[in-house]
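Coordinates in review
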Protein chains: 2
Amino acid sequence: MERLEKYYNQIKNSPVFYGMNDEELKGLLECFNARVRKYEKEEMIIRQGDMISNIYLILDGAVNIEKDSYWGRRIIISRLGKNDNLALSFVGSKDIESSVDAITVEDTLVLILGYEKCTSMCQNACSRHKVLINNLFQILSKENIELIQKIENVSQKTIRDKLMTYLSNEAQKNHSNKFSISFNRQDLADYLNVDRSAMSFELSKLQKEGLIAYNKNQFQLL
Amino acid sequence: MERLEKYYNQIKNSPVFYGMNDEELKGLLECFNARVRKYEKEEMIIRQGDMISNIYLILDGAVNIEKDSYWGRRIIISRLGKNDNLALSFVGSKDIESSVDAITVEDTLVLILGYEKCTSMCQNACSRHKVLINNLFQILSKENIELIQKIENVSQKTIRDKLMTYLSNEAQKNHSNKFSISFNRQDLADYLNVDRSAMSFELSKLQKEGLIAYNKNQFQLL
DNA sequence: ACATTTCCGTTGTTTTTACAACGAAGAGAA
DNA sequence: TTCTCTTCGTTGTAAAAACAACGGAAATGT
């Protein structure tokens, strides 16, 4: 519990607990048997086939949501970071096992809440649970919209179009034409479902044509 | 209200109202100013850029969730049918406009609930609202998982792999190796983001090789 | 029944991508 | 520093997809 205290302010300000006062939050953390766990780089938090009964909140670090297609190919579905939730949809869907892996990209700190335990106890009783489910609904909505955006990204025909769509969306998220991305080249390729070298080639072509400028992970739309 | 009565039983059994008794449901329908509306074939229910403040429940018919990429290309994100919800994620996310179109594939009947109106009135009061938000959370979870599955479908490298992944997933959904799909060829191509003719060619190749059998929209995995 | 339109499969050509291989730059460790 | 390992860009080649065009079958309307 002491290590949890250290992150109390951050936890309090996360979307999961939006609108709760200190008392409610503390009660909830206790009710949910909240704990903080550290994962090493490239450690698996969730595996395909796992039954998910916890709510995971990333306190610090980065996590890939991935799926291995049945011939060794890796699909990166999304990259999550601070204050993001993991696999929330599998908590909401009873009796459905995870269809994805969650793998840390670097050392990562995660807050874990035992969702099942609490909902079975305070089913209709506690008011904090009502605020929570409202928040979860909103978070899941946002995730949903981001998945749709990813579908838009990968649904473009050419590598060039995928890149431009992705970069435009990132620029919009950052409210600026200058921004940095968290993917390295290989991960970006796996996210956009293209070959890394072909993507690299297309990136430099875009730069030569004056459509974009980049240096390592710093990008700019022109 | 009379036309609504006609569909009362179906409405009552939809996932949106799961676990409600007659009294609660009737109160909710009134509170939400529920109404039934009929849309013609190829009519737009939701447009890109719309602010969504209603919950839409398909009573009968079929609807495409689509997006036009900025050069005339159509992306079909999903095909929805009876008892499915429309654009739920945009209701959950305040102040975010729809990034997709919802277009009927055939004549379609939709139940519309004025979500905004009710939530502002009975904010924390009514118990039915609590059941509702719980249900919506679960529905959204399922949608989320289906979007992930779609990402898996379209993230395959070759047309052949996309087809096999899609057909396998459909077979699993139908609990049978024999099943029919709701897409015609062009729509399936737009869903998998491939060229229709190339897809047709690949389908017949798969049939010649004895991996699948099909006739029109009836498919079988062998 | 006939005309018209839509849907689907087939083929040949062009464009795009994947794949493999390699070298250079940079990071990190000894 | 020097060596190793990872990351990234570049190139050539083989494979796959997009595209366009066509004909036949089925569905639709008159």
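Our structure's up above, just so we're on the same page.
Now for a description of the structure that goes with this document.

Parameters and conventions
Residues numbered from 1 in each chain as written. Chains lettered and ligands numbered in written order. Predicted model: local features only at pLDDT ≥ 70, side-chain atom pairs only at ≥ 80, totals over all residues. Heavy atoms only, no water. Helix = DSSP H or I, 4+ residues; strand = E, 2+ residues; numbered from the N terminus. Expected span 1.5 Å × (residues − 1). Buried < 20%, exposed > 50% of the residue type's maximum accessible area, 1.4 Å probe, protein only. Contact = heavy atoms within 4.5 Å. Phe/Tyr/Trp six-rings, centres within 6.5 Å; stacked < 30°, edge-to-face > 60°. Lys NZ or Arg CZ within 6 Å of the ring centre and 35° of its normal. Buried area = accessible area lost by both parts, 1.4 Å probe. Salt bridge = Lys/Arg side-chain N within 4 Å of Asp/Glu carboxyl O. Pairing = 2+ DSSP bridges. Near = heavy atom within 4 Å. Polar contact = N/O pair within 3.5 Å; in protein donor to acceptor, adjacent residues only side chain to side chain. Nonpolar A, V, L, I, M, F, W, Y, C, P; charged D, E, K, R; others polar. Least-squares fit on C-alpha atoms with pLDDT ≥ 70 in both. Core = buried A, V, L, I, M, F, W, Y, C linked by side-chain atoms within 4.5 Å.

A few words now on helix H7 (residues 159-174) of chain A. All names here are of chain A. Under the 1.5 Å per step criterion, the end-to-end length of H7 is 22 Å for 16 residues, consistent within 8% with the ideal 22 Å. Turning to H7, its buried residues number three or more, namely Lys162, Leu163, Met164, Thr165, Tyr166, Leu167, Asn169, Glu170 and Ala171. Buried residues belonging to H7 abut helix H6 (127-154), strand S9 (178-180), helix H8 (185-192), helix H9 (196-208), strand S10 (212-215) and strand S11 (218-221). Downstream of H7 by one or two residues, His175 has phi in the positive range, about 50°.

Let us look at the packing of aromatic side chains. Residue and element names in this part refer to chain A. Per the counting criterion, the structure on display carries nine aromatic pairs over all chains. Ring plane angle 35° and centroid distance 5.1 Å describe the contact between Phe183 and Tyr191, whose orientation is recorded as tilted. There is no split in this pair, since Phe183 and Tyr191 are both buried. Each member of the aromatic cluster is reached from another via a ring pair, and the members are Tyr166, Phe183 and Tyr191. When the ring centre of Tyr191 is taken as origin, the NZ or CZ atom of Lys150, which lies over that ring, is 4.1 Å away.

A word on the interface of chain A and chain B. Across the boundary between the two partners, chain A contributes 42 residues, which contact 42 residues of chain B. For the pairing of chain A and chain B, the buried interface totals around 3900 Å² over both sides, and the portion due to carbon and sulfur atoms is 66%. When the buried area of chain A at its contact with chain B is split by residue, Lys130(A), Phe137(A) and Ile151(A) rank highest and sum to 18% of it. In this structure, the connection of chain A to chain B is made through two salt bridges. We note a salt bridge from Lys67(A) to Glu152(B), for which the minimum N-O separation is 3.8 Å.

Moving on: the sheet that holds strand S6 (residues 85-86) of chain A. Residues and elements named next belong to chain A. Taken together, four strands build an open sheet; the order of strands is S1-S8-S3-S6 and the sheet is antiparallel. Every other strand in the sheet has two partners, leaving strand S1 (35-39) and S6 as the edge strands with one partner each. When strand S3 (residues 54-60) meets S6, the two strands line up antiparallel, connected through two bridges. Within the sheet, the bridge partner assigned to Tyr56 lies in S6 and is Leu86.

Attention now goes to the protein's contact with DNA strand D. As a matter of local geometry, DNA strand D sits amid 18 residues, with Arg185(A), Ser200(A), Ser204(A), Thr158(B) and Ile159(B) nearest to it. One nitrogen or oxygen atom from the side chain of Arg185(A) is found 3.0 Å from a phosphate oxygen belonging to DNA strand D. Ser204(A) is positioned with one of its side-chain polar atoms (N or O) 2.5 Å from a phosphate oxygen of DNA strand D. If you list the elements that add at least two residues to the surface near DNA strand D, you get H8 and H9 of chain A together with helix H9 (196-208) of chain B. At five residues, H9(A) tops the list of elements feeding residues into the surface near DNA strand D. Per-class residue counts for the surface near DNA strand D are five nonpolar, eight polar and five charged.

The full set close to DNA strand C counts 17 residues, and Thr158(A), Ile159(A), Arg185(B), Ser200(B) and Ser204(B) are the nearest of them. The side chain of Ser200(B) places a nitrogen or oxygen atom 2.6 Å from a phosphate oxygen of DNA strand C. For the surface near DNA strand C, the elements supplying multiple residues, two or more each, are H9 of chain A together with helix H8 (185-192) and H9 of chain B. With five residues, H9(B) is the largest single contributor of residues to the surface near DNA strand C. For the surface near DNA strand C, the per-class residue count stands at five nonpolar, eight polar and four charged.

The next point concerns the relation of the copies chain A and chain B. The relation between the two copies of this chain is a rotation about an axis and a shift parallel to it. Between chain A and chain B, which share one sequence, the superposing operator has a rotation angle of 180° and an axial displacement of 0.0 Å; the RMSD is 0.0 Å. The symmetry that links the two subunits is that of a two-fold axis. Take the interface residues of chain A: 100% of them recur as interface residues in chain B, which is what a same-surface contact looks like.

Moving on, we get to the pattern of salt bridges. All chains considered together, the criterion is met by 22 salt bridges over all chains. For the salt bridge of Asp187(A) with Arg74(A), the shortest nitrogen-to-oxygen distance reads 2.6 Å. In this pair, Asp187(A) sits in helix H8 while Arg74(A) sits in strand S5 (residues 74-80), placing the two residues 113 residues apart along the sequence. Ionic pairing is found between Glu202(B) and Lys205(B), a salt bridge with its closest N-O pair at 3.9 Å. With Glu202(B) and Lys205(B) both in helix H9 and three residues apart, the pair spans about one turn of that helix. Take Glu202(B): its relative accessible area is 11%, and that puts it in the buried class. Overall, the relative accessible area of 33% leaves Lys205(B) in the partly exposed class. Overlapping salt bridges, with partners in common, bring together Glu66(A), Arg74(A), Arg79(A), Asp187(A) and Asp190(A) in one network.

We now examine the nonpolar core. Counting residues in hydrophobic clusters, the biggest one holds 100 residues, and the most contacted among them are Phe17(A), Leu111(A), Phe17(B) and Leu111(B). What Leu111(B) contacts, discounting residues up to four positions off in sequence, is Leu4(B), Ile11(B), Phe17(B), Ala34(B), Arg35(B), Val36(B), Ile55(B), Tyr56(B), Leu57(B) and Leu59(B). If you look at the next biggest cluster of nonpolar residues, it comprises 21 residues, including Leu167(B), Ala189(B), Leu192(B) and Ile212(B).

This next bit is on the pairing of strand S7 (residues 101-104) of chain B. Within a regular strand, the side chains alternate between the two sheet faces. All names here are of chain B. Burial of the side chains of S7 extends over both faces: Asp101 and Ile103 are buried on one face and Ala102 and Thr104 on the other. Relative to S7, strand S2 (residues 44-46) runs antiparallel, the two being bridged by two bridges. For Ile46, the partnering residue across the bridge sits in S7 and is Ala102. Here strand S4 (residues 63-68) pairs with S7 via four bridges, running antiparallel. Following the sheet pairing, Ile65 is matched in S7 by Ala102.

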